[in-house]
Amino acid sequence: MKVFYVLVLTMFIGGTSLQKKNSTINTQNCSATLTVHKDRSFKSATENGAEFMLTGVSMLSALQDVQLTITEKSDKPNTEKIHFYILQVANNTSDSITFTLTSENIDCNEEGFELQTDFNFEFYNLNQTEQISEVTVANNSAVKFYLKKITPENAQKSAWNCARIEASNAEGNYTSSITMKSLVQDPTKVN
């Protein structure tokens with residue numbers, strides 16, 4: 001039913017009208033302006049490799065019941081060993097849900113990255129005073145928390161890490177995940 005209303009609204013906004021007499025379609029020209037404001041609190045990725053990319057997100061639409069997103073990325077350079085990200089779990093259902101937070105290093109071969117290394121991940125509350133493994137999110141609300149990404153001392157330089165970060169309830173019927181891809185930057189190759 002929602003799809004029908006969106007379709008009707010789109011036709012109305014687009015200004016499409018049919019004339020029965022000649023069976024022609026008249027359309028109204030519309031224009032819009034997109035403005036981008038760079039009011040952000042983090043640095044852009046370096047030219048020779050992105051420290052973070054978001055792919056394979058399990059968010060199908062804005063109306064999804066559960067959404068895991070990154071709301072703030074690390075502002076430290078790629079050469080740093082520890083990075084913090086602020087993540088958010090949104091619960092758009094009518095019930096309160098407790099989500100278990102997990103991380104898993106996954107294979108990067110599908111992306112064509114030959115050199116790979118594993119990272120360690122930890123979850124913390126927003127005060128960074130307590131390590132957590134789950135969050136409870138009330139209905140129609142969201143909870144933010146920290147993800148700490150740790151590059152091991154023995155990580156191979158110029159290697160990639162692919163990791164799946166997931167929030168799921170005990171029954172497994174509400175799950176959302178993101179895939180992070182990170183480069184272990186070689187400090188000798190940074191300008």
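Preceding this section is the structure that the text describes.
None of these values were measured; they are calculated from a predicted model. (Residues numbered from 1 in each chain as written. Predicted model: local features only at pLDDT ≥ 70, side-chain atom pairs only at ≥ 80, totals over all residues. Heavy atoms only, no water.)

A.B. asks: What am I meant to see in the overall build of the protein here?
C.D. replies: Tallying secondary structure elements over the protein gives one helix and 12 strands in all. For the protein, the succession of helices and strands along the chain, N to C, is α-β-β-β-β-β-β-β-β-β-β-β-β. Among the 191 residues that make up the protein, the fraction classed as buried is 33%. Just so you have it, the protein exposes about 12600 Å², and 50% of that area is on carbon and sulfur atoms. (Helix = DSSP H or I, 4+ residues; strand = E, 2+ residues; numbered from the N terminus. Buried < 20%, exposed > 50% of the residue type's maximum accessible area, 1.4 Å probe, protein only. Areas by Shrake-Rupley, 256 points an atom, 1.4 Å probe, with all protein chains shown as cover.)

A.B. asks: Whenever I open this one, the state of the cysteines confuses me. Can you help?
C.D. replies: Disulfides are covalent bonds that connect the sulfur atoms of two cysteines. The tally for this structure, following the rule as stated, stands at one disulfide. One disulfide in the model links C108 with C162; its S-S distance is 2.0 Å. Between C108 and C162, the S-S torsion sits near 125 degrees, and that sign places the bridge as right-handed. Here C108 is found in the loop between β6 (97-106) and β7 (120-124), whereas its partner C162 is found in strand β11 (residues 160-169), with 54 residues between them in sequence. (Disulfide = S-S within 2.5 Å.)

A.B. asks: Got a minute to help me understand the environment of N105 in this structure?
C.D. replies: Relative to the helices and strands, N105 resides in strand β6. Classification of N105 by relative accessible area gives partly exposed; the value is 28%. In the structure, N105 is positioned 75 residues away from M180 in sequence and 9.4 Å away in space, judged by C-alpha atoms. In this structure N105 touches D118, F119, F121, N161, C162 and A163, once residues within four positions along its chain are discounted. At 2.9 Å, the side chain of N105 and the backbone oxygen of F119 are in polar contact. Among the polar contacts made by the side chain of N105, one reaches the side chain of N161 at a distance of 2.6 Å. (Contact = heavy atoms within 4.5 Å. Polar contact = N/O pair within 3.5 Å; in protein donor to acceptor, adjacent residues only side chain to side chain.)

Read these as spatial facts, not as claims about activity.
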